[in-house]
Amino acid sequence: MSLFTYKQRNNINLVIIVALGGLIAYSLLGIFSSILGTLVLYTILRPVYLYLVQDHHLNKRFAAILLLFTSIVLIVLPFYGLSNMVITKIHELQGDQIYYKNLFYKIQHLVPVGGDAERLISEGLRKAGTWATELFPSLISGAFNIVLGLLLMYFLLYFMLVEHERFEAAMLKYAPFREQNALRFAEEMKNTTFANVVGQGLICLVQGSLVSLSFFVLGFSDPFFWGVITTFICFVPVLGPPIIFVPAAIMQIANGNEFGGYAMLIFGFVVIINIDNVLRFLIAKRVGNIHPIITVIGVVIGIPLFGILGLVFGPLLLSYFILVVKIYETSALASDRMERIKTISETQEL
């Protein structure tokens, strides 16, 4: 005969489940970015997978493998290749101290600065280079962790696609919402993911391309490199592009290329910054939009957690959190309304 009642046994089982779940979650902190990346890729690839399987009757496993391979070629390899290019370029710039000393003396003729400005700028450049080197993942320095994270991500993603019916049924069953709220959460999560990853990614790519093209036309050095840097930085709305093209324009003016410098400033503030608003309006009509405040705060949260991927994952996490809060508010209001109806019915019966 058991020492515990049925309710006590259920409570004990619940405590054990919560404790083990917390332990498992703590153990998975190191691969949290891989798990989040799996969910993001699943959300993006799912419509294409269903189109290939249901409309074109491709084999499920073949369609999943095809999409995984395509995502590696189009997303993973270019990203890490560009990351290593950025790290290499940063080391080159850090090593060319004579260039920066000459440039600083030229800028002094344009903008009067104090005696400690050179030391502060040099220290700032050194710290910015160190921070950027740590921010971007390197295939050379972290090959094992990168490969392990990618293997785990694509292992999970493969089975999530192939068995998407079971996966989604399980998510619906164990979601802490009513079914209609769970479906609403899934739909808004999809829209949020597409708006932040696809929509914001497209905006950043266009702005980075415009910076690269303008640098090339005006004769600035390393237009492709600075276009890539702008593409990453543009995930921070409004602040992103000027961080690149304003210093570049000032350097050109200091070097005597006044036409190129002023042309870059005009083109940057008139076209590059405003193209963000135009594209954001067009994208918002199709997949929704992420408020700039959420994006900026999300970036601040995400970069310490995920590195450069925090530019995407940070705003996503914050958006998911706000979405869960909205669902909770809806459920709480519905429960409160049902409770009031029940109370009124009981009062009328009395």
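Residues numbered from 1 in each chain as written. Predicted model: local features only at pLDDT ≥ 70, side-chain atom pairs only at ≥ 80, totals over all residues. Heavy atoms only, no water.

**What about helix α8 (residues 179–218)?**
With 40 residues, α8 extends 57 Å between its outermost C-alpha atoms, agreeing within 8% with the 58 Å of an ideal straight helix rising 1.5 Å per residue. One or two positions beyond α8, positive phi appears at G219, with a value near 85°. (Helix = DSSP H or I, 4+ residues; strand = E, 2+ residues; numbered from the N terminus. Expected span 1.5 Å × (residues − 1).)

**So, the confidence of the model for the protein**
Chain-level pLDDT for the protein is 76 on average; 71% of the residues reach the 70-or-more range. Confidence scores differ between elements of the protein, with helix α5 (residues 117–135) showing the lowest mean pLDDT of 58 and helix α2 (residues 32–55) the highest of 85. (pLDDT = per-residue confidence, 0-100.)

**Section: the packing of aromatic side chains**
Using the criterion set out here, one finds six aromatic pairs in the structure. The interplanar angle of 85° and the centroid separation of 5.1 Å between the aromatic rings of Y158 and F159 together place this pair among those described as edge-to-face. Linked through ring pairs, F155, Y158 and F159 together constitute an aromatic cluster. (Phe/Tyr/Trp six-rings, centres within 6.5 Å; stacked < 30°, edge-to-face > 60°.)

**A word on unusual backbone geometry**
The phi dihedral of H57 falls on the positive side, at around 55°, and the residue is not glycine. Within the secondary structure, H57 sits in the loop between α2 and α3 (60–95). Here H57 falls in the exposed class, since its relative accessible area comes to 64%. Unusually for a residue other than glycine, D222 sits at a positive phi of about 50°. Checked against the element boundaries, D222 lands in the loop between α8 and α9 (223–233). Exposure remark for D222: the relative accessible area of 33% places this residue in the partly exposed category. (Buried < 20%, exposed > 50% of the residue type's maximum accessible area, 1.4 Å probe, protein only.)

**Let's talk about a nonpolar patch on the surface**
The grouping of I12, I16, L20, L23, I24 and L28 at the surface amounts to a nonpolar patch, some 520 Å² of accessible area in total. Structurally, L28 can be placed in the loop between α1 (6–27) and α2. Looking at L28, the relative accessible area reads 33%, which means it is partly exposed. (Patch = residues over 30% accessible without salt bridge, like charges linked within 9 Å, V, L, I, M, F, W, Y side chains within 5 Å. Areas by Shrake-Rupley, 256 points an atom, 1.4 Å probe, with all protein chains shown as cover. Salt bridge = Lys/Arg side-chain N within 4 Å of Asp/Glu carboxyl O.)

**Focus on the nonpolar core**
One broad rule of soluble globular proteins: the nonpolar side chains tend to lie buried together. Ranked by size, the top nonpolar core spans 38 residues in total, and within it Y49, Y154, L157, L161, F215 and M264 carry the most contacts. Counting only elements with at least two residues in this core, the list comes to α2, α3, α6 (143–162), α8, α9, α10 (240–254) and α11 (258–287). In this structure L161 touches Y42, R46, Y49, A64 and L68, once residues within four positions along its chain are discounted. Among the nonpolar cores identified, the runner-up in size contains 15 residues, and L36, F306, F313 and L323 belong to it. (Core = buried A, V, L, I, M, F, W, Y, C linked by side-chain atoms within 4.5 Å. Contact = heavy atoms within 4.5 Å.)

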